[in-house]
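Examination of the molecular architecture
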Amino acid sequence: MLNNLKFVKKSFSAAVPHYDNFALLQQITSDLLISLIPIEVVNDRLICADLGAGTGYTSEKLSKLKIKNLTMIDLSQKMLSQCKNKFENQFLYLNADVNQLGIKDNTFDLICSNLMIQWSDNLDKTLSEINRVLKEQGTFFFSTLLPGSLIELDKSWKSVEQGDHINQFLPFDNLKKSILENNFQIQSLTKKEIKLEFNNPLEAMKSLKYVGANFVKNRQNKGLCTANKLTKMFDFYSRNFKKDNMVELSYQVCFGHVVKNSLNSSSELIGQIN
């Protein structure tokens, strides 16, 4: 179970009314993730899951690949209610914690998860549960964030006060190690930088808040942010991270394609997505 489970759930549930209007990053990474799925392995007999389905962008893309048997899984019931209103009976829906899915062993042929596993406080447990519900040789496609994400926001906050204002994401090597130790064979593990542009720092911050991603795990410094500090932070951000009159917000994203492997052997292809 996630230590911050109730806070993660609350944050994403609160974002439901605004999510689709601000989920540009999530849409970009979802499109890249779907492009990793070999079209020749897709057929209407596959039993699939969208883990951390949100409002269903990835599920809709999967359905266009002719995947018919798809379960949308999310921690937030409000997210799933939004999906039910949008897709009705097209998919199955499951409100569950990724570490306790309540699904029988060897259920899915393919699991897809876009920008979800970075919220786990226990990645080994998360990957073990995903492995458990995959069939033998079942595939797991995922994207997650790496250190260096939100560096502009991090540096700008640290110019006015110490403490954590962004999440500390798991390094690439640690992620790779956890994947191999949890009975997966690596088909590909790639890194890509994605930069978004905004009119000002406030818009950059809203892009996090309105998708529920402004929650900082295990944050200690929860004191009041004064208007003076916020003004100074915005000024630092604008002076140091502006390009062509737009401020940038960077993400380091890892895309993975791994296969459940009972033999615990690994085949690795590690590089960059162009």
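For the structure, see preceding data.
Reading guide: rules and limits
Along each chain, residue indices are assigned from 1 in the same order as the chain's sequence is written. Per-residue local features of the predicted model are confined to residues with pLDDT of at least 70, and side-chain atom pairs are confined, for both listing and counting, to 80 or more; whole-chain, interface and lining totals are unaffected and use all residues. Side-chain measures were taken over the full set of non-hydrogen atoms in the model, leaving aside hydrogen atoms and water. Helix numbering and strand numbering both begin at the N terminus, where a helix is a DSSP run of H or I of at least 4 residues and a strand a DSSP run of E of at least 2. An expected span of 1.5 Å times one less than the residue number is assigned to each helix. A simple rule labels every residue: compare its accessible area, found with a 1.4 Å probe on the protein chains alone, to the largest value its type can have, and call it buried under 20%, exposed over 50%, or partly exposed in between. Think of it as the arc spanned by the lines of direction from the helix axis to the C-beta atoms. Contact definition: two residues touch when any of their heavy atoms are within 4.5 Å. Pairing between strands is defined by DSSP: at least two bridges between them are needed. By convention, orient the strands away from the viewer: a clockwise path from the first strand over the helix to the second makes the crossover right-handed. What counts as a salt bridge is simple: a side-chain nitrogen of Lys or Arg found within 4 Å of a carboxyl oxygen of Asp or Glu. Think of each axis as a best-fit line through the C-alpha atoms, taken over the contacting stretch in the case of a helix, with angles from 0 to 180 degrees between the N-to-C directions. Reported orientations rely on four angle classes, namely roughly parallel under 35 degrees, roughly antiparallel over 145, roughly perpendicular from 65 to 115, and oblique for the rest. Two helices cross in a left-handed way if the nearer one is turned anticlockwise from the farther one by less than a right angle. They cross in a right-handed way if the turn is clockwise. Residue classes follow a fixed rule: Ala, Val, Leu, Ile, Met, Phe, Trp, Tyr, Cys and Pro count as nonpolar, while Asp, Glu, Lys and Arg count as charged, and any other residue, Gly among them, counts as polar. Stacked, edge-to-face and tilted labels apply to pairs of Phe, Tyr and Trp rings (six-membered ring for Trp) whose centres lie within 6.5 Å, assigned for plane angles under 30 degrees, over 60, and everything in between, in that order. Two limits define a charge over a ring: the Lys NZ or Arg CZ must be within 6 Å of the ring centre, and within 35 degrees of the ring normal.

A word on helix α10 (residues 227-240). Here α10 spans 20 Å end to end across 14 residues, near enough to the 20 Å set by a 1.5 Å rise per residue. Of all the residues in α10, the buried ones are Met233, Phe234 and Tyr237. Considered in projection along α10, the buried side chains sweep an arc of 100° and stay on one side of the axis. Exposed and oriented more than 90 degrees from the buried face of α10 are Thr231 and Arg239. Turning to α10, the residues buried within the fold contact α7 (151-158), α9 (201-209), β7 (242-243) and β8 (246-260).

For the rest of this paragraph, the subject is the pairing of strand β4 (residues 108-114). Summarising burial for β4: seven of the seven residues are buried, a large majority. Note: strand β1 (residues 47-51) against β4, three bridges, orientation parallel. Within the sheet, the bridge partner assigned to alanine 49 lies in β4 and is isoleucine 111. Both β4 and strand β5 (residues 134-145) contribute to a ladder of six bridges, which runs parallel. Opposite asparagine 114, over in β5, you have serine 143 as the bridge partner. Chirality of the crossover, the property in question, places the unit of β4, helix α6 (residues 123-133) and β5 among those that are right-handed.

What follows is about unusual backbone geometry. Of note in this structure, glutamate 88 is not a glycine but carries a positive phi near 55°. Here glutamate 88 shows up in the loop between α5 (77-87) and β3 (92-95). We note that leucine 115 has phi near 50°; this positive angle belongs to a residue other than glycine. Among the secondary structure elements, leucine 115 is positioned in the loop between β4 and α6. Residue leucine 115 is classed as buried on the basis of its relative accessible area, which comes to 10%.

The subject of this paragraph is the pattern of salt bridges. One pass over the full model with this rule turns up 11 salt bridges. Between glutamate 136 and lysine 260 there is a salt bridge; the shortest N-O distance is 4.0 Å. Of this pair, glutamate 136 sits in strand β5 while lysine 260 sits in strand β8, and the two are 124 residues apart along the sequence. Here glutamate 136 falls in the partly exposed class, since its relative accessible area comes to 46%. Taken together, the shared-partner salt bridges in this structure form one network comprising Asp105, Glu129 and Arg132.

So, about the packing of α6 against helix α8 (residues 172-181). One can describe the packing of α6 onto α8 by two numbers: an axis separation of 9 Å at closest approach and a directional angle of 40°. As far as their axial angle goes, α8 and α6 are oblique. Along this stretch, α6 crosses α8, giving a crossing that reads as right-handed. Residues Leu123, Asp124 and Leu127 of α6 form the contact with α8, whose participating residues are Leu175, Ser178 and Ile179. A class-by-class count of the residues in the contact of α6 with α8 yields four nonpolar, one polar and one charged.

Moving on to α8. Every buried residue belonging to α8 is among Phe172, Leu175, Ser178 and Ile179, and all of these are buried. The buried residues of α8 occupy one face: seen down the axis, they fall within an arc of 130°.

On to the packing of aromatic side chains, then. Under the counting rule described, the total for this entry stands at seven aromatic pairs. Ring geometry for phenylalanine 12 versus tryptophan 119: centroids 5.4 Å apart, planes at 80°, classification edge-to-face. In this pair, phenylalanine 12 is assigned in helix α1 (residues 5-14) and tryptophan 119 in the loop between β4 and α6, connecting sequence segments 107 residues apart. Judged on exposure class, the residue phenylalanine 12 and its partner tryptophan 119 are both buried. Ring centres 5.2 Å apart and planes at 25° place the aromatic pair phenylalanine 140 and phenylalanine 142 in the stacked group. A single burial state applies to phenylalanine 140 and to phenylalanine 142, both of which are buried. Put simply, the rings of Phe140, Phe142 and Phe184 pair up and form one aromatic cluster. For the cation-ring pair, lysine 191 lies above phenylalanine 172, with the distance from its terminal atom to the ring centre recorded as 4.5 Å.

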